[in-house]
Amino acid sequence: MRAVNVKWMTSEADLHGLEAGWRALESRVPGLLPFQTYDWNVCWWRHFARNAVWIRDQLLIAAVFDQETLVAVMPLMNTQIGHGDFHIYRNVRPFGADPNLTELRVPLVDPAYTEALALVWDQLAERETFGLTEFQMVLPDALTAATLEHTPHLHLLTQRMIPNFIVELGDDWEQFRSGLKRNIKESLRRCYNSLKRDDLSHRLEVLRGEQIMAVLPRYYALHGMRASAEDTIAHPDYFCIEHHRRLIEDMIASGSAQRCCMLVLYVGEQAVAMRLAFAMPDELYLYYSGYDLAYGRYSVMTTLVAETMKWAIEQGYRRVNLSIGEDVSKTRWGPLEVRYQEVQCVRNAGWRIAMARSMNAVRSARRKLRAKSLQNNEILPVA
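Just so it is clear, the model here is predicted, and its values are computed rather than measured.

A. Fine view of the overall build of the protein chain. Counting its regular elements, the protein chain contains 12 helices and 15 strands. In terms of overall size, the protein chain behaves like a compact globule, its C-alpha atoms giving a radius of gyration of 22 Å where 383 residues would be expected to give roughly 21 Å. Overall, the protein chain is about 70 × 45 × 35 Å in size when its C-alpha atoms are taken along their principal axes. A total of 383 residues make up the protein chain; the buried ones form 53% of that total. The contacts in the protein chain between residues at least 6 apart in sequence include a share of 74% that link residues at least 24 apart. When the accessible surface of the protein chain is split by element, carbon and sulfur atoms take 50% of a total near 17,700 Å².

B. Representation of the sheet that holds strand E1 (residues 5-9). Sheet architecture is open: 4 strands sit in the order E1-E3-E4-E7, paired in antiparallel fashion. Two strands lie at the open edges of the sheet, namely E1 and strand E7 (108-109), each paired on one side alone. Against the sheet, helix H2 (residues 19-26) makes contact with strand E4 (69-74) and E7, and its axis sits at roughly 90° relative to E4, the strand it touches most. On top of the sheet, helix H4 (residues 116-127) reaches E1, strand E3 (61-66), E4 and E7; it is set at about 55° to E1, its chief contact.

C. Quick peek at the environment of Lys-7. Among the secondary structure elements, Lys-7 is positioned in strand E1. With a relative accessible area of 37%, Lys-7 lands in the partly exposed category. In contact with Lys-7, other than residues within four places in its own chain, are Ile-61, Ala-62, Ala-63 and Phe-65.

D. Region of the structure containing empty space enclosed by the protein. Counted under the stated rule, the structure contains 2 cavities of 30 Å³ or more. Taken together, 14 residues make up the lining of the largest cavity; nearest its centre are Pro-75, Pro-94, Arg-105, Val-106 and Pro-107. In terms of residue count, the dominant contributor to the lining of the largest cavity is strand E8 (residues 132-140) (3 residues). When its volume is computed, the second largest cavity comes out at roughly 30 Å³. Lining the second largest cavity, in full, are Val-64, Ala-72, Val-73, Met-74, Pro-107, Leu-108, Val-109, Ala-116, Leu-117 and Val-120. Sorting the residues of the lining of the second largest cavity by element identifies E4, E7 and H4 as the ones contributing at least two each.

E. View of the pairing of strand E13 (residues 284-291). A large share of E13 lies buried, amounting to 8 of its 8 residues. The pairing of strand E12 (residues 270-279) with E13 spans 6 bridges and is classified as antiparallel. Residue pairing in the sheet places Phe-278 in a bridge with Tyr-285 of E13. The sheet contact formed by E13 and strand E14 (residues 319-324) spans 2 bridges and is parallel. Within E14, the residue paired with Leu-284 across the bridge is Val-320. With helix H10 (residues 300-314) bridging E13 and the parallel E14, this β-α-β connection has right-handed handedness.

F. Spatial organisation of the environment of Arg-105. Looking at the element boundaries, Arg-105 is found in the loop between strand E6 (86-94) and E7. On the accessibility criterion, Arg-105 (13% relative accessible area) is buried. Considering only alpha carbons, one finds Arg-105 and Glu-342, 237 residues apart in sequence, at a separation of 8.9 Å. A distance of 3.2 Å separates the side chain of Arg-105 from the backbone oxygen of Pro-94, its partner in a polar contact.

Each value, and the rule that gives it
- Residues numbered from 1 in each chain as written.
- Predicted model: local features only at pLDDT ≥ 70, side-chain atom pairs only at ≥ 80, totals over all residues.
- Heavy atoms only, no water.
- Helix = DSSP H or I, 4+ residues; strand = E, 2+ residues; numbered from the N terminus.
- Rg over C-alpha atoms; globule rule 2.2 N^0.38 Å.
- Buried < 20%, exposed > 50% of the residue type's maximum accessible area, 1.4 Å probe, protein only.
- Contact = heavy atoms within 4.5 Å.
- Areas by Shrake-Rupley, 256 points an atom, 1.4 Å probe, with all protein chains shown as cover.
- Pairing = 2+ DSSP bridges.
- Axes fitted to C-alpha atoms, helices over the stretch in contact; angles between N-to-C directions.
- 1 Å grid on protein atoms, 1.4 Å probe; cavity = no way out; pocket = protein on both sides within 12 Å on 5 of 7 lines; lining within 4 Å.
- Points joined across faces, edges and corners; volume = space filled by probe spheres on them.
- Right-handed = clockwise from strand over helix to strand, strands pointing away.
- Polar contact = N/O pair within 3.5 Å; in protein donor to acceptor, adjacent residues only side chain to side chain.

Function cannot be inferred from these measures alone, as they are strictly geometric.
This is the structure:
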């Protein structure tokens, strides 16, 4: 392992002090995700950090340096359940404990320093000498086993695979389309023909940065419409909650403003489908969407994705990230699957392991309740 130094940042001043190094590190990390950026994490902390009587989130950011150069940053928070200085339970986990707004909570690491991740987690476990603390990490699949192997102070409790789907575009839309599977080719043919048959024109408009603010009300409305659709995969209305909307609006007003794109499909003069996206250095990351149910028979969401891919090729993007979650709307495009692992650990001691397992049983019951609430299009708060 290269000689590195881990510094623990515990104040908002520390967080803001990392800005220059964090932004420089972003430029050295291939496949940068929007959720790894300085702007996303600052905005997230502003809107989601809790400071209530019995539950409090504290900053615990691991910044890894090689001499004066920031080579890895792991934005963690220490959630304490208790009152004042007395706590009965702690959960050290990445930023992004929200109802799936932060889709991938992976640390930002220079590829030459991935071994430093194990050092961070081992230092955390060594510091835990009293009470019960659980540790959660989200890592690329290829790094998970090695990281756990080199953290003997931690015991693995649970492990969950998170699939992420990425489409390689090539240089030309027609060439790309010709290489697609038969079912998606037929779907595309039907989408475009259905509009022609009813003498309806369509066009894609791409808005960037502050231009997006004017269409956000329509975006939220279409997202809500999609959530109300029946006889399809359940899609909660994530933006029915005010501070969820404020997170997105803060990102659009942040230093990442020009990375924010709103992809708008018009049929005639009506905006019928919209998708928020992030223009990252290596790829276009597709985020949440919505559509007008009155135009559902034209499969406007499929048309929007197709038009987005055409635009991405024209702009020189090599890849489109379809985001996480395995469903046919992603897999039919023949994407590359990139796997991440979310692991939950506890310090390697018998009583801690037994207590954590009991708490996991409670959380499992709560997840079942959450799944049931999603069927009714409700979003429960995250514990």
